[in-house]
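Descriptive analysis of the structure
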Amino acid sequence: MKLYHAFQIGDRLKVGPILVNGADAKSFAQKHDPLALVPGAAGPHATIRFGRIASPMYTLAACLQPLHADMLASSAALAGPPMWDEVRFPSPVYPMDRLFVDAEVTEKKLAADGGRVTQTVRARNQNDVVVLTAKVTWPVVAAPRLAVVKREVSLA
């Protein structure tokens with residue numbers, strides 16, 4: 001089981017390509033995203049790729065899934081759900097885009113209730129355009145602290 005101390009600053013995970021399926025993105029947005037799909041900036045008929053962009057919630061979910069799968073595959077001792085911070089979508093994601101995710105461990109904190117491991121996440125499309133940046137913090141179980149007992153041995 002991968003405990004808090006097994007994570008090191010600088011550990012990286014690279015995932016991709018993640019293919020953005022237009023039908024899946026639309027279905028996901030209709031069920032889970034209050035903003036759903038929005039027209040492109042120049043109008044629905046002036047943009048390429050069906051005149052639509054994938055919802056930010058779909059993009060976030062598509063990038064979170066392989067990170068979560070990696071934590072489960074490495075048997076990380078997760079103590080709760082991940083916490084997201086500083087989430088940004090600097091460029092739109094279109095159907096048929098291929099996303100490449102890079103997650104690097106940039107911070108670790110040990111607390112009384114366990115540890116927290118923070119990854120800085122950046123997702124790029126096939127044209128090397130950044131489409132998502134975020135920080136994700138994973139609550140991870142820390143190994144119990146051991147007390148060192150000094151023993152004196154007599155040769156009697």
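To keep things clear, this report deals only with the structure shown in the data block.

**Observations concerning the pattern of salt bridges**
Under the defined criterion, the tally for this structure stands at five salt bridges. A salt bridge links arginine 12 to glutamate 104; the shortest N-O distance between them is 3.3 Å. Of this pair, arginine 12 sits in strand E1 (residues 12-19) while glutamate 104 is found in strand E3 (residues 98-111), placing the two residues 92 residues apart along the sequence. Note that aspartate 128 and arginine 124 form a salt bridge whose closest N and O atoms lie 3.7 Å from each other.

**Quick word on helix H2 (residues 56-73)**
Look at H2: 26 Å from first C-alpha to last across 18 residues, which is about the 26 Å you get at 1.5 Å a residue. Inspection of H2 places Tyr58, Thr59, Leu60, Ala62, Cys63, Pro66, Leu67 and Met71 among the buried residues, and these make up the whole buried set. Where H2 is buried, its residues contact E1, helix H1 (22-32), strand E2 (83-88), E3, strand E4 (114-124) and strand E5 (130-140). With its phi angle positive at about 55°, serine 75 sits one or two positions after the end of H2.

**Considering the packing of aromatic side chains**
Inspection of every chain in the model, using the stated rule, returns zero aromatic pairs. For lysine 108, the ring lying beneath its charged end belongs to tyrosine 4, and the centroid distance is 4.5 Å.

Reading guide: rules and limits
- Residues numbered from 1 in each chain as written.
- Predicted model: local features only at pLDDT ≥ 70, side-chain atom pairs only at ≥ 80, totals over all residues.
- Heavy atoms only, no water.
- Salt bridge = Lys/Arg side-chain N within 4 Å of Asp/Glu carboxyl O.
- Helix = DSSP H or I, 4+ residues; strand = E, 2+ residues; numbered from the N terminus.
- Expected span 1.5 Å × (residues − 1).
- Buried < 20%, exposed > 50% of the residue type's maximum accessible area, 1.4 Å probe, protein only.
- Contact = heavy atoms within 4.5 Å.
- Phe/Tyr/Trp six-rings, centres within 6.5 Å; stacked < 30°, edge-to-face > 60°.
- Lys NZ or Arg CZ within 6 Å of the ring centre and 35° of its normal.

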